[in-house]
Every structure is written in structure tokens, then in C-alpha cells.
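Understanding the architecture of this molecule
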Amino acid sequence: MILIGSKNPHKLHEVREILGPLGIRAVIAVDLPDVEEAGATFGENARKKALVFASYLRAPCLADDSGLVVPALGGEPGVHSARYAGEPGDDAANLQKVLDRIREEGLSEPEAYFFCHIAIAVGDDVVVEAEGRVEGRIIAAPRGDHGFGYDPVFFHAPSSCTTAELSPEQKNAISHRGVALRALAKKLADPELRARIEPT
Ligand code: IMP
């Protein structure tokens, strides 16, 4: 069994769908200490969360950090995605800010990507990590009612729509988190690694 360190219950469904077939039971741990996501990279934040949560829960713990990157904006919002428009984090305000910044810079539908870094910590060690990314571009007029965050303005060309216009299953099939989780699942097929995470 693995604990998912996240205050977002939607993540559990996705993790279960991908790790379940490997025989890994995932349980969400919502009683978690606040971890300041002050790292310069998604990886730093994911590792820190996994280590703090594993120590707090005294059990192997999976944590992730994700966000939107617009290279033409110098990588913004990047690791600041959740609180781009300030505290407290507000999806609508964050989305408006990225559109404002794109307009200020005179950009038109700039390329962007969602990125996700996942880490599993056991005791004081990060034992496995995986990353995923999905490419798209930012459109000016929001479209779609699914998803969250920046989905309504993230146009995914292979799907010919925004990620807010995809069903949850369609989004999992292409999303940064889906890609990272499937990469993680591949690594977890290694029996030695599995034994560290789920000692018998
Ligand atoms: P966290 O990894 O849950 O901390 O998410 C960070 C922030 O990145 C979220 O609050 C969203 O603003 C953004 N984000 C991460 N993944 C997605 C996604 O799949 N769609 C839209 N926005 C996302």
C-alpha cells in the first residue's frame, strides 16, 4: 500500500487507475502538515513534500508537484502556478494573470507545457521519481468546463481542443500527471524497488 500525500482527492482516482493494475493499493493522506513549496524546480518541491510527508506519516509516501510553463514568459507561472496571482490560490485569477501577461508581452498563442514531477520517499530517502509533460499553447478565450486551473486556455493540438474540453479519462490519457504516473508504474515493476516501498 502507498500513501498519496495530497490535499486534492481528485489525484487519488488518477493514481489508483494507473497503479492499481500493478497491485499497488493507494490511499490518500489528507491530514498533512503544510509544506512551503519554495523550491526552484518542480522536482525540488515534489521531493521535499514526499520526504516531509513520509516522516510525518511514518510510512512510504508519494507526492507530486505540477504546473504550467510558458517559455516565452521566462517560464512563468512555473513553480508558482498555484499562487501566481497571489494568496490564497485562485484558479480564475491565475488564469486571468497568465492571459494578461501574454497580452502585455505582445504574444499570440504562445507555446506552453504542463509539467509534473512525482517522488516517493521511504524514511529519509527519495527512492523513485518520474516526470511527465504535455505540450500545448495558450489561447486567449477560455473554452470548456472540465478540469481545473489553466485547462480552459491550454489548447492541445492532437486533441483539437483545450484540456478543459476533454473528459477526465481523455485527459488522463494525455496529461502530464498521466505520463508521469505511467513512467512511475514502469519503474515500480522492479521487484527490488517494490520491496523497499512495500516491505513484506
Ligand atoms: P499542484 O501540483 O497540485 O500544486 O498544482 C499546481 C498548480 O498548477 C495548480 O493549482 C494549477 O494551477 C496548475 N496545474 C497543475 N496541473 C494542472 C492541470 O492538469 N490543469 C490545469 N492546471 C494545472
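Everything below is about the structure shown above.
Residues numbered from 1 in each chain as written. Predicted model: local features only at pLDDT ≥ 70, side-chain atom pairs only at ≥ 80, totals over all residues. Heavy atoms only, no water.

**A closer look at the overall build of the protein**
- Within the protein, the secondary structure is distributed over six helices and seven strands.
- Across the protein, helices and strands are ordered from the amino to the carboxyl terminus as β-α-β-α-β-α-β-β-β-β-α-α-α.
- In summary, the protein has a C-alpha radius of gyration of 17 Å against a globular reference of 16 Å for 200 residues, a match within 12%.
- Each of the three principal axes of the protein carries a C-alpha extent, and together these read 55 × 30 × 25 Å.
- Looking at the protein as a whole, 48% of its 200 residues qualify as buried.
- A sequence separation of at least 24 residues applies to 58% of the contacts in the protein between residues at least 6 apart.
- If you sum the accessible surface of the protein, you get close to 10,000 Å²; carbon and sulfur atoms cover 52% of it. (Helix = DSSP H or I, 4+ residues; strand = E, 2+ residues; numbered from the N terminus. Rg over C-alpha atoms; globule rule 2.2 N^0.38 Å. Buried < 20%, exposed > 50% of the residue type's maximum accessible area, 1.4 Å probe, protein only. Contact = heavy atoms within 4.5 Å. Areas by Shrake-Rupley, 256 points an atom, 1.4 Å probe, with all protein chains shown as cover.)

**Remarks on unusual backbone geometry**
- For the bond from Glu76 to Pro77, the omega torsion is -10 degrees, close enough to zero to count as cis.
- Going from Glu87 to Pro88, the amide bond is cis rather than trans, its omega being -15 degrees.
- Note that Pro88 resides in the loop between strand 3 (61-69) and helix 3 (91-104).
- For Glu109, which is not glycine, the phi dihedral falls at a positive 40 degrees.
- Among the structural elements, Glu109 can be located in the loop between helix 3 and strand 4 (111-122).
- At Ser160, a position not held by glycine, the phi torsion is positive, near 55 degrees.
- Ser160 gets classed as exposed once you look at its relative accessible area, which sits at 52%.

**Some thoughts on the sheet that holds strand 1 (residues 2-5)**
- Pairing in this open sheet of seven strands is mixed, and the strands run 2-1-3-4-5-6-7 from one edge to the other. At either margin of the open sheet sits one strand with a lone partner, and together these are strand 2 (26-29) and strand 7 (161-162).
- Where strand 3 lies against strand 4, nine bridges are found, and the strand directions are antiparallel. Residue pairing across strands places Gly67 opposite Phe115, the latter belonging to strand 4.
- Together, strand 1, strand 2, strand 3, strand 4 and strand 5 (125-138) form the strand contacts of helix 2 (residues 42-57), whose direction differs from that of strand 3 by roughly 155 degrees.
- The strands touched by helix 5 (residues 176-187) within the sheet are strand 3, strand 4 and strand 5, with strand 5 carrying the most contacts at an inclination of about 150 degrees. (Pairing = 2+ DSSP bridges. Axes fitted to C-alpha atoms, helices over the stretch in contact; angles between N-to-C directions.)

**A few points about the packing of aromatic side chains**
- For the structure shown, the criterion picks out three aromatic pairs.
- Aromatic pair Phe42 and Phe115: ring centres 5.5 Å apart, planes at 25 degrees, arrangement stacked. Highlighted residues: Phe42 in helix 2 and Phe115 in strand 4, separated in sequence by 73 residues.
- Exposure remark for Phe42: the relative accessible area of 9% places this residue in the buried category.
- For Phe115, a relative accessible area of 15% corresponds to the buried category. (Phe/Tyr/Trp six-rings, centres within 6.5 Å; stacked < 30°, edge-to-face > 60°.)

**Describing the site of the ligand**
- Taken together, 14 residues sit near the ligand, with Lys11, Ser66, Asp151, Lys171 and His176 positioned nearest.
- Between the ligand and Asp151, the relevant distance is 2.9 Å, taken from a nitrogen atom to a side-chain nitrogen or oxygen of the residue.
- Burial of the ligand by the surrounding chains reaches 90%, relative to a free accessible area of 490 Å².
- Elements that contribute at least two residues to the shell around the ligand include exactly strand 3 and helix 5.
- Top element by residues in the shell around the ligand is strand 3. It accounts for three residues. (Near = heavy atom within 4 Å. Polar contact = N/O pair within 3.5 Å; in protein donor to acceptor, adjacent residues only side chain to side chain.)

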